[in-house]
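Spelled out from the first residue to the last, the chains are:
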Amino acid sequence: MANYKDLLLDTRYLIKEFEGDSILLVEPIMITNECCLILIHDDVDSIVWKKQSDEILEIIEEFTAAQSNEYDEMFEEDEDIESEEFDD
């Protein structure tokens, strides 16, 4: 079984943390000696601390740079549309 220590800084992963959970898109953004700060990309992004020894049921996939860029571009378009609505 994988652990949070297996994830690389500033890399996005699709994971299942527990049996029966939905797939999560996570990104380690800071690593300390014992913990890592994880950005969870969801409807509302959240940031949580995880112990490096905490288990992950499955690391499904590691995003490539192209996949990360594609993901970012999808949400940049949404932000542009929202900001235009507020400007009117």
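Residues numbered from 1 in each chain as written. Predicted model: local features only at pLDDT ≥ 70, side-chain atom pairs only at ≥ 80, totals over all residues. Heavy atoms only, no water.

Asker: I tried to follow unusual backbone geometry on my own but got confused; where do I start?
Answerer: Keep in mind that most residues, glycine aside, have a negative phi and that most peptide bonds are trans. Although it is not a glycine, Asp10 adopts a positive phi angle of roughly 60°. With respect to the helices and strands, Asp10 occurs in the loop between β1 (2-3) and β2 (13-16). Asp10 gets classed as exposed once you look at its relative accessible area, which sits at 54%. (Helix = DSSP H or I, 4+ residues; strand = E, 2+ residues; numbered from the N terminus. Buried < 20%, exposed > 50% of the residue type's maximum accessible area, 1.4 Å probe, protein only.)

Asker: Is there a simple way to think about the sheet that holds β2 in this case?
Answerer: The pairing of strands in a sheet comes from backbone hydrogen bonds and takes either a parallel or an antiparallel form. Taking strand neighbours across the sheet as the criterion, the five strands line up as β5-β4-β3-β2-β7 in an open arrangement whose pairing is antiparallel. Only two strands of the sheet have a single neighbouring strand rather than two, namely β5 (46-51) and β7 (58-62). Pairwise comparison of adjacent strand axes, ignoring direction, gives a mean angle of 40° for this sheet. With four bridges joining them, β2 and β7 adopt antiparallel strand pairing. (Pairing = 2+ DSSP bridges. Axes fitted to C-alpha atoms, helices over the stretch in contact; angles between N-to-C directions.)

Asker: Honestly, the pattern of salt bridges in this entry has me stumped. Any pointers?
Answerer: Pairing of side chains with opposite charge becomes possible as their charged atoms draw close. Scanning all chains against the criterion turns up three salt bridges. A salt bridge links Asp72 to Arg12, with the shortest nitrogen-to-oxygen separation between them at 2.8 Å. Remark: Arg12 occurs in the loop between β1 and β2 and Asp72 occurs in helix α1 (residues 65-87); sequence separation between them is 60 residues. In this structure Arg12 comes out as buried when scored by relative accessible area, which is 10%. A salt bridge links Lys50 to Glu17; its shortest N-O distance comes to 2.8 Å. In this pair, Lys50 sits in strand β5 while Glu17 sits in the loop between β2 and β3 (24-31), placing the two residues 33 residues apart along the sequence. (Salt bridge = Lys/Arg side-chain N within 4 Å of Asp/Glu carboxyl O.)

Asker: Would you mind showing me how to read the nonpolar core here?
Answerer: Note that soluble globular proteins tend to have their nonpolar side chains buried in a common cluster. With 11 residues, the main nonpolar core is built from Ala2, Tyr4, Leu7, Tyr13, Ile15, Leu24, Val26, Cys36, Ile38, Ile40 and Ile56. Looking at this core, the elements that each hand over two or more residues are β2, β3 and β4 (35-41). Of all the elements, β4 adds the most residues to this core, at three residues. Setting aside chain neighbours within four positions, we find Ile38 in contact with Tyr4, Leu7, Val26, Glu27, Pro28, Ser46, Ile47, Val48 and Lys50. (Core = buried A, V, L, I, M, F, W, Y, C linked by side-chain atoms within 4.5 Å. Contact = heavy atoms within 4.5 Å.)

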